[in-house]
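Here is what each chain is made of, one letter per residue.
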Amino acid sequence: MMSGVSTSAEQQPAGSPLTLYLVKRLELVIRALLDDALRPLGLTTLQYTALTVLEASGALSSAQLARRSFLRPQTMHEMVLTLEKRGLIARTPKPDNRRVLLAGLTETGHRLLADCAPAVAEVEDALLADLSPGRRATFREGLKHGVLALGALSEHRRSPEA
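These numbers were taken from a predicted model, which means no experiment stands behind them.

Visitor: Run through the overall build of the chain, naming residues and quoting values.
Guide: Across its full length, the chain carries seven helices and three strands. Listing every helix and strand of the chain by position from the N terminus yields α-α-α-β-α-α-β-β-α-α. Its C-alpha atoms give the chain a radius of gyration of 19 Å, more than 25% over the compact-globule value 15 Å for 162 residues. In terms of overall dimensions, the chain has C-alpha extents of about 55 × 45 × 25 Å along its principal axes. Residues counted as buried form 24% of the 162 residues belonging to the chain. For the chain, the proportion of contacts with a sequence separation of at least 24, taken over those separated by at least 6, is 43%. Element-wise, carbon and sulfur atoms account for 59% of the exposed surface of the chain, whose accessible area totals about 11,400 Å².

Visitor: Before we move on, can you summarise the packing of helix α3 (residues 45-57) against helix α5 (residues 73-85) with the specific residues and values?
Guide: Packed helices, taken two at a time, are described by their axes: the angle between them and the distance between them. Remark: α3 packs on α5, axes separated minimally by 11 Å, with the N-to-C direction vectors making an angle of 80 degrees. Regarding the angle of α3 to α5, the classification is roughly perpendicular. Residues L46, Q47, A50 and L51 of α3 form the contact with α5, whose own contacting residues are M76, M79, T82 and L83. Of the residues belonging to the contact of α3 with α5, the class tally is six nonpolar, two polar and no charged.

Visitor: Help me get a handle on the nonpolar core, residues and values and all.
Guide: Membership of the largest hydrophobic core comes to 25 residues, with the highest contact counts inside it found for L43, L51, L65, M76 and I89. Apart from residues lying up to four places away in sequence, M76 is in contact with A50, S62, L65, A66, S69 and L71.

Visitor: Describe the environment of L112, and please don't skip the residues or the numbers.
Guide: Structurally, L112 is set in helix α6 (residues 107-128). Sequence-wise, L112 and L51 are 61 residues apart; in three dimensions their C-alpha atoms are separated by 9.4 Å. Beyond its immediate stretch of four places on either side in the chain, L112 contacts L41, L43, R86 and L88.

Visitor: Run through α6, naming residues and quoting values.
Guide: The first and last C-alpha atoms of α6 sit 31 Å apart over 22 residues, in line with the 32 Å expected at 1.5 Å per residue. Taken together, the buried positions of α6 are occupied by G109, L112, L113, C116, A119, V120, V123 and L128.

Visitor: Before we move on, can you summarise the pattern of salt bridges with the specific residues and values?
Guide: Under the definition given, this model contains six salt bridges. Ionic pairing is found between R31 and D35, a salt bridge with its closest N-O pair at 3.6 Å. Taken together, the positions of R31 and D35, both in helix α2 (residues 19-38) and four residues apart, correspond to about one turn of that helix. Between R140 and E124 there is a salt bridge, with its nearest N and O atoms 4.0 Å apart. Remark: E124 occurs in helix α6 and R140 occurs in helix α7 (residues 133-158); sequence separation between them is 16 residues. Judged by relative accessible area, which is 38%, E124 ranks as partly exposed.

Visitor: Now, about the sheet that holds strand β2 (residues 89-94): what can you tell me, with residues and values included?
Guide: Taken together, three strands build an open sheet; the order of strands is β1-β3-β2 and the sheet is antiparallel. The sheet terminates laterally at β1 (60-61) and β2, the two strands that pair on one side only. Two elements, β1 and strand β3 (residues 97-105), share two bridges in a ladder whose sense is antiparallel. By the bridge assignment, S61 is partnered in β3 with L102. Contacts between α3 and the sheet are confined to β1, β2 and β3, with β3 contributing the most and set at about 105 degrees to the helix.

Definitions and cut-offs
- Residues numbered from 1 in each chain as written.
- Predicted model: local features only at pLDDT ≥ 70, side-chain atom pairs only at ≥ 80, totals over all residues.
- Heavy atoms only, no water.
- Helix = DSSP H or I, 4+ residues; strand = E, 2+ residues; numbered from the N terminus.
- Rg over C-alpha atoms; globule rule 2.2 N^0.38 Å.
- Buried < 20%, exposed > 50% of the residue type's maximum accessible area, 1.4 Å probe, protein only.
- Contact = heavy atoms within 4.5 Å.
- Areas by Shrake-Rupley, 256 points an atom, 1.4 Å probe, with all protein chains shown as cover.
- Axes fitted to C-alpha atoms, helices over the stretch in contact; angles between N-to-C directions.
- Parallel < 35°, antiparallel > 145°, perpendicular 65-115°, else oblique.
- Nonpolar A, V, L, I, M, F, W, Y, C, P; charged D, E, K, R; others polar.
- Core = buried A, V, L, I, M, F, W, Y, C linked by side-chain atoms within 4.5 Å.
- Expected span 1.5 Å × (residues − 1).
- Salt bridge = Lys/Arg side-chain N within 4 Å of Asp/Glu carboxyl O.
- Pairing = 2+ DSSP bridges.

The structure is reproduced here in structure tokens:
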């Protein structure tokens, strides 16, 4: 440790799991609960995520949607076809490049997301139930920090000079 910065392993109590392990466990529990909650509405958690990305961002290409939904482009391509067949999204040519199709939510997609809101809110509320407003804010800030820090690391590793 030449830089004088301690590692995460040095900052954890002996025998404690890595933070990365805890985050992964949290993700798996959330995914299982959301899959169970969304199944009656005919969605998977991954499909729900893609629809919410479109709701927040507007129309996107499949490649953009894949990146923002944390999926491989091939996986997203299949999902886009499925969501389009169900009438939840529609694809239209990009005005300045007609070879690129932009996926956007349909009214049916918007209605389905509204129908999902109570089930998703129940999971979110359960996660945060025992936290004070201050601890909720701290928890969310910590998660945002982790996303930004690891996103920057990922970008650095992908850059040509890395």
